[in-house]
Amino acid sequence: MTVDVLKANELKKAAPVFGQLSFDNHEQVVFCNDKDTGLKAIIGIHNTVLGPALGGTRMWNYSSEWDALNDVLRLSRGMTFKSAITGLNLGGGKAVIIGDSKNDKTPEFIRKFGEFVHSLSGRYITAEDVGTTTADMDLIRKVTPFVTGISEEIGGAGNPSPITAYGVFMGMKAAAKYKFGTDDLEGKKILVQGIGHVGEVLVEHLYGEGAEIYITDINQERLEQVSRKYEATIFSGSDIYSANMDIYAPCALGATINDETINKLNVKVIAGAANNQLADEQKHGKQLSEKGIVYAPDFLINAGGIINVYAELEGYDRKEIMRKTENIYNTTLEILNSAEANKLSTHEAALMIAQNRIDERKKQKLG
Ligand SMILES: NC(=O)c1ccc[n+]([C@@H]2O[C@H](COP(=O)([O-])OP(=O)(O)OC[C@H]3O[C@@H](n4cnc5c(N)ncnc54)[C@H](O)[C@@H]3O)[C@@H](O)[C@H]2O)c1
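Described in the following lines is the structure provided in the data block. Everything numeric here is computed off the predicted structure, so don't read it as measured data.

1. Re the nonpolar core
- Ranked by size, the top nonpolar core spans 67 residues in total, and within it M172, V192, L202, L206 and I215 carry the most contacts.
- Top element by residues in this core is helix 5 (residues 161–180). It accounts for 10 residues.
- Among all residues touching L206, those that are not within four sequence positions of it are F169, M172, L185, I190, V192, A211 and I213.
- A41, I45, A53 and I150 belong to the second-largest nonpolar core, a separate cluster that totals 21 residues.

The structure is reproduced here in structure tokens:
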């Protein structure tokens, strides 16, 4: 069957990887299958100019293989720019495992995944993400050295989520400084969507600042716990996207800023941990600027986690991790100002700086 005899709506299937909208000149995409354990995973290596492609493994019950592929392509690309803008010598990669992390995971299943990671000889280095844990990384460590985010007992930097949350907090404060003229969050109405590993620690920082915190999650039990612990209000409105807030912090999953939500948004700043918050980077980034909403680029302010795992490779200590993460404040302010000066969306301004660093390194390498 050739492409020209296919119907238009099937063309995507005729170019299943290289033809996807989310395909952005990725260097390598690896499909992993193991009959015995039922493992089905995809590893995406977007770019290795600055170093090995590092990024976590997400385990998610994707509704289709298309969704899984789209996710790994988008996430691995995001990692390239995240490391580049943070000044790390790492490329961008990510892995997705198709399945239910609560029911489908066994030690053998995870070990098998580790063997696939090992087969790439260090071009891809994994870590935890949604649906995988430090304990999973410890298991992977038994079959490959190409893993980070392992527990402190075996020489790792431990759970990256608190550092990610601290970086998001720094980025949020910088965005507040830009928008409100002060980075003091006391009394600011802040909605945190998703109070998981990162979201809860972010709430803890906001509580420390005296912010007026609203929380939302699909997990009712967590909502009640976090609400009690940090005097946060469980958001009770019918539509979180039209809530009148100073700051919206997306800390659940990506693409919450999309065609449906963008015109409802009634906030002044967006700063959160979720990867790929903009469903369409160009279009929605520009629309946010036009609406006067300050968007702190996700891949910039959620880099604390990668700074933390990078320490395992480079051997720097906790103090240096915190210093590098705190610096997200300065980089965010720089980018918000540069976006304004160059009449770009904040996302574009951040991408441009990251891409320049990659291009420079490529030139040096070519000699
Ligand atoms: N953990 C890290 O260090 C790190 C680093 C960088 C980026 N991120 C990104 O930050 C986000 C959160 O990461 P995490 O580690 O806290 O994940 P997590 O799984 O611990 O928490 C996610 C939370 O979001 C909730 N949730 C899911 N769908 C929701 C919805 N539709 N509405 C409201 N809540 C919903 C879940 O119930 C859960 O409590 C993810 O997008 C992740 O990719 C995490």
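2. So, helix 7 (residues 220–230)
- Within helix 7, the full set of buried residues consists of L223, V226, S227 and Y230. End-on view of helix 7: buried residues confined to an arc of 105°, all on one side of the axis. Exposed residues lying more than 90 degrees from the buried face of helix 7 are E221 and R228.
- Taken together, the buried residues of helix 7 touch helix 6 (197–209), strand 8 (212–216) and strand 9 (233–234).
- The N-cap of helix 7, judged by a side-chain oxygen 3.1 Å from the amide nitrogen of E221 a few residues on, is N219.
- Once helix 7 ends, the next one or two residues include E231, with phi positive near 50°.

3. What to know about the pattern of salt bridges
- Taken as a whole and assessed by the stated rule, the structure comprises 19 salt bridges.
- Between D136 and K105 there is a salt bridge whose closest N-O contact spans 2.6 Å. Taken together, the positions of D136 in helix 4 (residues 134–141) and K105 in the loop between strand 5 (91–98) and helix 3 (107–118) put the pair 31 residues apart, joining distant regions of the chain.
- Under the relative-accessibility criterion, D136 is labelled buried at 7%.

4. Description of the packing of helix 11 (residues 318–326) against helix 12 (residues 328–342)
- Running from N to C, helix 11 and helix 12 point in directions that differ by 20°, and their axes come no closer than 4 Å. Comparing their axes, helix 12 and helix 11 come out roughly parallel. Of the residues in helix 12, those in contact with K324, T325 and E326 of helix 11 are I328, Y329 and N330.
- Its residues assigned to classes, the contact of helix 11 with helix 12 shows 2 nonpolar, 2 polar and 2 charged.

5. Regarding the packing of aromatic side chains
- Following the criterion strictly, the structure yields 5 aromatic pairs and no others.
- When the ring of Y207 is compared with that of Y230, the centres are 5.8 Å apart and the planes differ by 70°; the resulting orientation is edge-to-face. Here Y207, found in helix 6, pairs with Y230, found in helix 7; they are 23 residues apart in sequence, far enough to count as distant.
- When its relative accessible area of 7% is taken as the criterion, Y230 is described as buried.
- Here the basic side chain of K188 rests over the ring of F180, its NZ or CZ set 4.7 Å away from the ring centre.
- Sitting over the ring of Y316, K324 keeps its end group 4.7 Å from the ring centre.

6. With respect to unusual backbone geometry
- You will see that N276, though not glycine, has its phi angle at about 55°, which is positive.
- Within the secondary structure, N276 is located in the loop between strand 11 (269–270) and helix 8 (281–290).
- Judged by its relative accessible area of 15%, N276 falls in the buried class.
- The phi dihedral of K343 is positive, around 55°, even though this residue is not glycine.

Criteria and thresholds
Residues numbered from 1 in each chain as written. Predicted model: local features only at pLDDT ≥ 70, side-chain atom pairs only at ≥ 80, totals over all residues. Heavy atoms only, no water. Core = buried A, V, L, I, M, F, W, Y, C linked by side-chain atoms within 4.5 Å. Buried < 20%, exposed > 50% of the residue type's maximum accessible area, 1.4 Å probe, protein only. Helix = DSSP H or I, 4+ residues; strand = E, 2+ residues; numbered from the N terminus. Contact = heavy atoms within 4.5 Å. Arc of directions from axis to C-beta. Polar contact = N/O pair within 3.5 Å; in protein donor to acceptor, adjacent residues only side chain to side chain. Salt bridge = Lys/Arg side-chain N within 4 Å of Asp/Glu carboxyl O. Axes fitted to C-alpha atoms, helices over the stretch in contact; angles between N-to-C directions. Parallel < 35°, antiparallel > 145°, perpendicular 65-115°, else oblique. Nonpolar A, V, L, I, M, F, W, Y, C, P; charged D, E, K, R; others polar. Phe/Tyr/Trp six-rings, centres within 6.5 Å; stacked < 30°, edge-to-face > 60°. Lys NZ or Arg CZ within 6 Å of the ring centre and 35° of its normal.

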